[in-house]
Amino acid sequence: MTQKAVMHSAHWGAFTARLQGDRLATQPFQGDPDPSPLLQNFTTALRHPARVTQPMARRGWLEQGPGPDERRGKDEWVALSWDEAYARVADELQRVGDRYGPAGIFGGSYGWSSAGRFHHAQSQVHRFLNTVMGGYVRSVNSYSSGAASVLLPHIVGDMNEIARRGVSWEEIAQHSDIVLAFGGLALKNAQVASGGLSEHTERSFMQQAAQRGTRFISVSPLKTDLPDEAQGEWLALRPGTDAALMLGILSVLLSEKRTDEAFLARYTVGWPQMVAYLRGEEDGTVRDAVWAAAICGVSAAAITRLARQLHGRRVLITVAHALQRAGHGEQPVWLGLVLAAALGQPGLPGGGYTYALGALGHYGKHHNLVSFPALPQGRNGIDRLIPVARIADMLLHPGTQFDYNGRRLTYPHVRLALWAGGNPFHHHQDLARLRQAFCQLDTLIVHESVWTATARHADIVLPATLSLEREDIGAAPTDRHLVAMQPVAEPCGEAQDDYTIFTMLARRLGREQAFTEGRDARGWLQHLYGQLQEKLAAHAVTLPDFATFWQAGVLTLPQLKDGGRLINAFRADPIAAPLPTPSGKIEIYSATIAGFAYPSCPGHPVWLTPPQQPDADHPFWLIANQPATRLHSQLDFGEYSLSGKRQGREQCSLHPDDARRLNIRDGDIIELYNMRGHVLASARVTPHIMPGVVQLPTGAWYDPVDPAARRPLCRHGNPNVLTLDKGTSALTQGCSGQLTVVQVRKYQGELTPVQAFTPPQAVAITGSPAPAATHGDPS
Ligand SMILES: Nc1nc2c(c(=O)[nH]1)N[C@H]1C(S)=C(S)[C@@H](COP(=O)(O)OP(=O)(O)OC[C@H]3O[C@@H](n4cnc5c(=O)[nH]c(N)nc54)[C@H](O)[C@@H]3O)O[C@H]1N2
Ligand SMILES: Nc1nc2c(c(=O)[nH]1)N[C@H]1C(S)=C(S)[C@@H](COP(=O)(O)OP(=O)(O)OC[C@H]3O[C@@H](n4cnc5c(=O)[nH]c(N)nc54)[C@H](O)[C@@H]3O)O[C@H]1N2
Ligand SMILES: [Mo]
């Protein structure tokens, strides 16, 4: 393949790339003012030993046929030719489809996959299952915002509207006096955006704002959640207690008559119920600053001071995704909005409420005039769904009912799961339980480029290309650059792109034309690009032809400037431009939510004790947040990701006082544990974390010493061994993986080397494996 530098794009930036032997040399896109170091993770990716190079099947599945099997994750592997792999997968899809219909197939297949919009793995999975199998059990919402995306439409409007079209960074730099950021505004997070991020601008906006005099206040257990550029202040609070702090601030505003009653009366419903709750009129508990201080660990004096400082200023309240990725995560999201309303700020330039600002590189940005067309998904013949993070519940308890957003749903009995572009052994909680859940399936098919723990738990692994090995187009609705993702290398081993894999399966199942519509990958790129041309032509914008775009590598698209922001129009005229809520106003009290009668989410926001609390056995809060050195688990073997580890293990931060008490020194191997399992990590002793809190980022590949153990030991540092697999509430059923409770000690046991990046070896078997009959299935 060519040695010429080609254009490409990843979720963390656009770049040019050139092969140098087996290594990839990258150069950030010249238009990017602050490129992400995550690009360095590509250097060794193409020919890394962790790549999947040929189709493989689990020996027990080959020999005994599909069926529930406890050996998943610790069985032997057998290499297959593509022909045999296609035949076996197609036969199994046929069997499950014939016997159980689409309700027997899970196509929820959550995950970020790659930036290219055509080879976007979920879209490919959905299109394949719809056009070839007639549909599938789907998943709704995300691990990012499971609670907020369900709550916000009830109380103010669609989450994307609030997050992506919320207050822009430009406005902040020009107008905000105070940015009160619950969960901070860590630059590590704004490095990435799904579909690509050609310009990293947060750092410079924060600098500009700080120079003009914006005060950034980061409320978080970690000091590092606010970058130095913001020149801000750190307000340390106990994890999971933001709702109490917000109530304390509201109570001070109320008692000192610093609430904007005119705004509350005109633009909101339910403030009287909130006032009654703050004053304890229902239950005798007064939620004042002293009450809040005892819960959140911020002094009553500091709470009072902060409330007074907020009054009369242009204040922007932001709430990070992280706060709602925890039990009762709805409450701080809701209360942040109430606080902004009580200060009378929503709809003012640089003021009000914005959700998840800084969590991703596409929040607080301008929108493109039109968005890049998505691959058509076809029609799903059934309507069976789970909230995405309820996957293990579904597999372990088919037929059981559960509550979700006012509905009572039943978990379907899924027999086969098809996963491409995601890593549940990265994203899900309580990994021993997840393994048990996957053991219930008849068959787990995984398309992967690398031997993740998910691939290792599969029955059939089909090797997928990296985006660097195929053509695609990178595009995001808030990125003005459209990027031609040009291939830089030949596929590794026998890897194929997901589209080719599905095309071949569709052919065997007699539905090739329905899936491909007669197009190859290049044909689809041209088709989608043609649709973009048409969309823009309607706005009298002419794009060059495809060949010119492909040759140039990058195209600049027209953007909307501040157009159509819901909240501004609402502020200007709440009658003419009501919010899309039942009352048309901000709902401090939601009659809809009250009508669901969930104890875990009453009609107005409240303080609820977290479902997990530190105790004598588990005295530490564990924060399992996003990693600074990679995107989730992607390219965890890359050079930049490895540079963040010590002795090959992930680093866990803890406070010097705690370290001293536990006789732990910086660099010691420590063990975090609770009733769900044990995790090793390298201790990083730092004053930039609250005492009583430890932090271990997500993303280290799961590396259990014994994959089948009831309480596994991960020697690499995957915190999801420890997190609790419980929905955020009956209303939202989101992921609650951000926080859990643990005990910590210096590790005394045997220290074996990390094996996560060493792929399994195929064994040779003689004779022809048994036909695909099921075992363990009485029917
Ligand atoms: N404890 C805890 N857990 C969390 C979180 C937390 O805060 N705490 N955060 C959660 C959040 S917000 C998220 S979004 C999730 C992220 O969870 P995921 O999105 O599942 O994580 P990734 O590591 O991005 O997984 C993407 C996988 O797709 C593969 N892949 C990439 N491109 C392709 C392709 O073209 N084809 C195929 N077949 N495969 C491809 C990659 O190799 C990788 O294994 O994690 C969640 N989990
Ligand atoms: N480098 C990098 N960036 C990423 C990602 C990645 O994997 N790597 N993932 C991306 C994705 S998919 C998403 S959804 C976003 C997620 O965005 P977030 O969920 O907001 O990101 P986190 O880093 O998990 O959490 C932000 C901070 O919240 C703080 N925090 C945790 N618990 C609490 C609490 O109870 N109260 C308060 N006040 N603060 C708390 C933690 O200290 C943490 O650093 O990040 C995106 N950005
Ligand atoms: Mo996410």
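Residues numbered from 1 in each chain as written. Chains lettered and ligands numbered in written order. Predicted model: local features only at pLDDT ≥ 70, side-chain atom pairs only at ≥ 80, totals over all residues. Heavy atoms only, no water.

(A) Highlighting the sheet that holds strand 20 (residues 472-474). What the 3 strands build is an open sheet, ordered 20-21-22; its pairing is antiparallel. Edge positions in the sheet fall to strand 20 and strand 22 (554-556), since each of these pairs with one other strand and no more. With strand direction ignored, the average angle separating the axes of adjacent strands in the sheet is 20 degrees. When strand 20 meets strand 21 (residues 481-485), the two strands line up antiparallel, connected through 3 bridges. Paired with Asp472 across the two strands is Met485, which belongs to strand 21. (Pairing = 2+ DSSP bridges. Helix = DSSP H or I, 4+ residues; strand = E, 2+ residues; numbered from the N terminus. Axes fitted to C-alpha atoms, helices over the stretch in contact; angles between N-to-C directions.)

(B) Geometry of the site of ligand 2. Around ligand 2 sit 32 residues in total, of which Lys188, Asp225, Gly240, Asp242 and His632 are the nearest. At 2.9 Å from an oxygen atom of ligand 2 is found a side-chain nitrogen or oxygen belonging to Asn625. Note that an oxygen atom of ligand 2 is positioned 3.1 Å from one of the side-chain N or O atoms of Gln738. Protein chains shield 99% of the accessible area of ligand 2, which is 900 Å² for the free molecule. Contributing elements (two or more residues each) for the shell around ligand 2: helix 7 (187-190) and helix 14 (321-324). Per-element accounting of the shell around ligand 2 gives the leading share, 3 residues, to helix 14. Class assignment for the residues of the shell around ligand 2 results in 16 nonpolar, 11 polar and 5 charged. Residues from two domains meet in the shell around ligand 2; each of domain 2 (146-368 + 573-596) and domain 3 (620-746) gives at least three. (Near = heavy atom within 4 Å. Polar contact = N/O pair within 3.5 Å; in protein donor to acceptor, adjacent residues only side chain to side chain. Areas by Shrake-Rupley, 256 points an atom, 1.4 Å probe, with all protein chains shown as cover. Nonpolar A, V, L, I, M, F, W, Y, C, P; charged D, E, K, R; others polar. Domains from an automatic or database assignment.)

(C) Spotlight on the state of the cysteines. Overall, the coordinates contain 0 disulfides when judged by the stated rule. In this structure Cys601 is not part of a disulfide, and its nearest cysteine sulfur, from Cys735, lies 17 Å away. Cys652 supplies the cysteine sulfur nearest to Cys714, a cysteine that is in no disulfide, at a spacing of 13 Å. (Disulfide = S-S within 2.5 Å.)

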